[in-house]
Amino acid sequence: MKISRTLAAALAAAGLALSFGLPGIAEAQQGDAQAQTQPQVEPMSNAEMSDAQVEAFIDAATSIQAVIQEYQPRLQAAGSQEEAATLQQEAQGELVIAVEEAGLTPLEYQRIAVAAQSDPQVAQRLQAEAETRVQGE
């Protein structure tokens with residue numbers, strides 16, 4: 001089903017953004033002592049999430065997926081740790097730009113992604129938006 005794949009891709013992009021270190025996300029996900037003092041990101045409730053934020057999340061996730069597809073092979077082919085670190089920083093910058101150009105802050109994006117993974121109502125709402133996008137194509 002294409003709709004489910006669209007939502008799955010959006011959530012996968014959110015998860016990959018976590019691993020690429022979208023500012024605010026990586027710090028909350030790391031297991032080191034510093035991160036243990038930082039609070040985990042609280043999911044955004046379905047009630048507080050506006051329709052515009054839902055639309056922006058799908059836009060951002062699509063853009064994030066493209067950034068990750070561009071940078072992942074480059075990171076894997078990096079010849080040194082320094083080159084990989086430089087590429088990682090570039091990718092992080094592109095991820096932030098993708099989120100902000102969609103109309104969200106990195107924290108808003110992160111809160112929606114966490115909510116989508118833990119709240120079936122949020123996941124359904126995002127799926128409905130993804131379905132609307134597919135039907136509009």
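Above: the structure in question.
Bear in mind the structure is a predicted one, so any value in this text is a computation, not a measurement. (Residues numbered from 1 in each chain as written. Predicted model: local features only at pLDDT ≥ 70, side-chain atom pairs only at ≥ 80, totals over all residues. Heavy atoms only, no water.)

Asks: Let's hear about the overall build of the chain: which residues, and what values?
Replies: Looking only at helices and strands, the chain has 7 helices and 0 strands in total. Shown N-terminal to C-terminal, the secondary structure of the chain runs as helices and strands in the order α-α-α-α-α-α-α. The contacts of the chain with a sequence gap of at least 6 include a subset with a gap of at least 24, amounting to 76%. Summed over all atoms, the accessible surface of the chain reaches about 7,500 Å², with 49% contributed by carbon and sulfur. (Helix = DSSP H or I, 4+ residues; strand = E, 2+ residues; numbered from the N terminus. Contact = heavy atoms within 4.5 Å. Areas by Shrake-Rupley, 256 points an atom, 1.4 Å probe, with all protein chains shown as cover.)

Asks: Before we move on, can you summarise the nonpolar core with the specific residues and values?
Replies: Grouped together as the largest cluster of nonpolar side chains are 27 residues, with contacts concentrated most on M49, F57, I64, L104, Y109, I112 and L126. Elements with a contribution of two residues or more to this core: α4 (51-76), α5 (81-102), α6 (106-118) and α7 (120-136). In terms of residues, this core owes the most to one element, α4, which gives 11 residues. In contact with I112, not counting residues within four places along its chain, are M44, M49, Q53, F57, L104, V122 and L126. (Core = buried A, V, L, I, M, F, W, Y, C linked by side-chain atoms within 4.5 Å. Buried < 20%, exposed > 50% of the residue type's maximum accessible area, 1.4 Å probe, protein only.)

Asks: Help me get a handle on α5, residues and values and all.
Replies: Between its terminal C-alpha atoms α5 stretches 31 Å, which fits the 32 Å expected from 22 residues at 1.5 Å a residue. All buried positions along α5 are accounted for by L87, A91, L95, V96, A98, V99 and A102. Just downstream of α5 lies G103, where phi reads positive at about 105°. (Expected span 1.5 Å × (residues − 1).)

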